[in-house]
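Fold and contact review
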Amino acid sequence: MPLSDATFEKFAQLLLDKVGIVLPPSRKRMLVNRIISRVRAHGMRSFDQYYDLVANGNDFYEWQKLIDRVTTHYTSFFRENNHFLHLRSLLVNRFKKGILRARIWSSACSTGEEVYSIAITVLEAMKEANVRYVDVRILGTDVALEPLQVADRGFYSEASINDLSPDLRAYFELIPGTSGLNDERLFRVQSRVRELVIFRLVNLCEHPLTVPNEIDVIFCRNVLLYFNKERQLQILTAIGQKLIAGGTLYVGTSEHVRGMLPEMICSAPSVYSKKEFLNQQHNDYVKYVPRVFLDAGELNSPGLSTLSPRTPG
Ligand SMILES: C[S@@+](CC[C@H](N)C(=O)[O-])C[C@H]1O[C@@H](n2cnc3c(N)ncnc32)[C@H](O)[C@@H]1O
């Protein structure tokens, strides 16, 4: 079944508009390979018919199937490990000072390895700081649903945890009687790790972002590279507004964000801290917005919602 250049262009435009993904003409074959089974599943005779189905916005299930197929989900535990070493020392410092609360967001978490690596880092930091209780929650979000379902279940193949040190492997338990692809043994992340995390479907291109404000640490790694500069800037700005002053942002080590984060300082390679003094500016701004203005339902307007004092989730 052929995909004409014109129809490919329509798909490319739709995906660019809705999820920010850039599909150059060289990816036409990839698109055909990934969606042909969906076209056939509907008994359709052309890609145009399938385009109409997904573009009209009424079939959430099919739209999600398309997104799941066109997004790239490669990830691994403790990928770009320097970030986790950095996070660990950041958390140990906080815990030792008695700051036991932290809200952490992994904004393109794919199948969950990044989120569980963060959760394990929290538990390791607790050990190092010698604290028994913390108030930490980790939110994992992605635009693709199937990877999130994998993440939520928390089952992983032996191969995916093979390279971890024995200390880190101890956070996974063998599930007897199960086997994954290629008859590999399956392991599940322990419940004490899973208890720290929740997963939600969030599209980084949708504004306002439906995640809580005042987040302490945000991971936005290996997703910006799929977007054009304009979209990267838009997403980094939106994410920056979710970060508390003094909070930390991790981007992928091969992602170049120079000049796009004016409110942040680079504190280590691919690690950014939101400037502290903004906190004061932010508080002053909120303080001086007339009460009557805030009460008049204006809080929902895009300009003000990010400035409204809210209880973090
Ligand atoms: C290559 S994975 C990166 C996973 C993980 N952050 C890491 O560094 O290993 C990229 C993820 O970004 C997600 N993604 C792509 N576009 C997105 C969007 N508009 N909003 C949220 N997630 C998106 C994909 O579904 C995919 O799971």
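The structure presented is a predicted model; accordingly, all values stated were derived computationally and were not measured.

**Topic: the sheet that holds strand β7 (residues 215-220)**
Paired through their backbone hydrogen bonds, the strands of a sheet run either parallel or antiparallel. A sheet is described by the order of its strands in space; here 7 strands give the open sequence β6-β2-β1-β7-β8-β10-β9, paired in mixed fashion. With one partner strand each, in any of the chains shown, β6 (197-201) and β9 (264-268) form the two edges of the open sheet. Here the average twist between neighbouring strands, direction ignored, is 20°. Relative to strand β10 (residues 271-274), strand β8 (residues 243-251) is paired through 3 bridges, and the arrangement is antiparallel.

**Side note on the environment of Tyr 50**
Within the secondary structure layout, Tyr 50 lies in helix α3 (residues 47-55). Expressed as a C-alpha distance, the spacing of Tyr 50 and Glu 62, which sit 12 residues apart in the sequence, is 9.4 Å. When sequence neighbours within four positions are dropped, the list of residues in contact with Tyr 50 reads Ile 35, Arg 38, Val 39, His 42 and Met 44.

**Focus on the site of the ligand**
Close contacts around the ligand come from 25 residues, with Thr 71, Thr 75, Ala 108, Ser 110 and Asn 222 the closest. Here the residues of the shell around the ligand sort into 12 nonpolar, 9 polar and 4 charged. Residue assignment places the shell around the ligand across two domains, with domain 1 (5-70) and domain 2 (82-153 + 191-277) each supplying three or more.

**Considering the confidence of the model for the chain**
Should the pLDDT be low somewhere, the predicted coordinates at that spot are not to be read in detail. Across the chain, the average pLDDT comes to 89, with 87% of residues at or above 70. Low pLDDT, under 50, characterises residues 285-313; the stretch is placed with 22 contacts to residues that sit more than four places away or in other chains.

**Here's the deal with the pairing of β9**
With 4 bridges connecting them, β9 and β10 associate as antiparallel partners. Paired with Ile 265 across the strands is Ser 273, a residue of β10. Linking β9 to β10, which pair antiparallel, is a turn of 2 residues; within it Ser 270 sits at a positive phi near 60°.

Cut-offs applied
- Within each chain, residues carry numbers counting from 1 in the order of the written sequence.
- pLDDT decides what is reported in this predicted model: residues at 70 or higher carry local features, side-chain atom pairs at 80 or more are listed and counted, and totals for whole chains, interfaces and linings draw on all residues regardless.
- For two strands to count as paired, DSSP must find a minimum of two bridges between them.
- Each helix is a run of DSSP H or I of at least 4 residues and each strand a run of E of at least 2, with the numbering of both proceeding from the N terminus.
- Helix axes use the C-alpha atoms of the stretch in contact, all axes being lines fitted to C-alpha atoms, and the angles between their N-to-C directions lie in the range 0 to 180 degrees.
- Residue pairs qualify as contacts under a 7 Å threshold applied to their C-beta atoms, which are placed from the backbone.
- By convention here, the C-beta atom is placed from the backbone, and a residue is near a molecule or strand when that atom is within 6 Å of it.
- Residue classes follow a fixed rule: Ala, Val, Leu, Ile, Met, Phe, Trp, Tyr, Cys and Pro count as nonpolar, while Asp, Glu, Lys and Arg count as charged, and any other residue, Gly among them, counts as polar.
- In this entry, domain limits derive from an automatic or database-based domain assignment.
- Scored from 0 to 100, pLDDT records how confident the predictor is in each individual residue.

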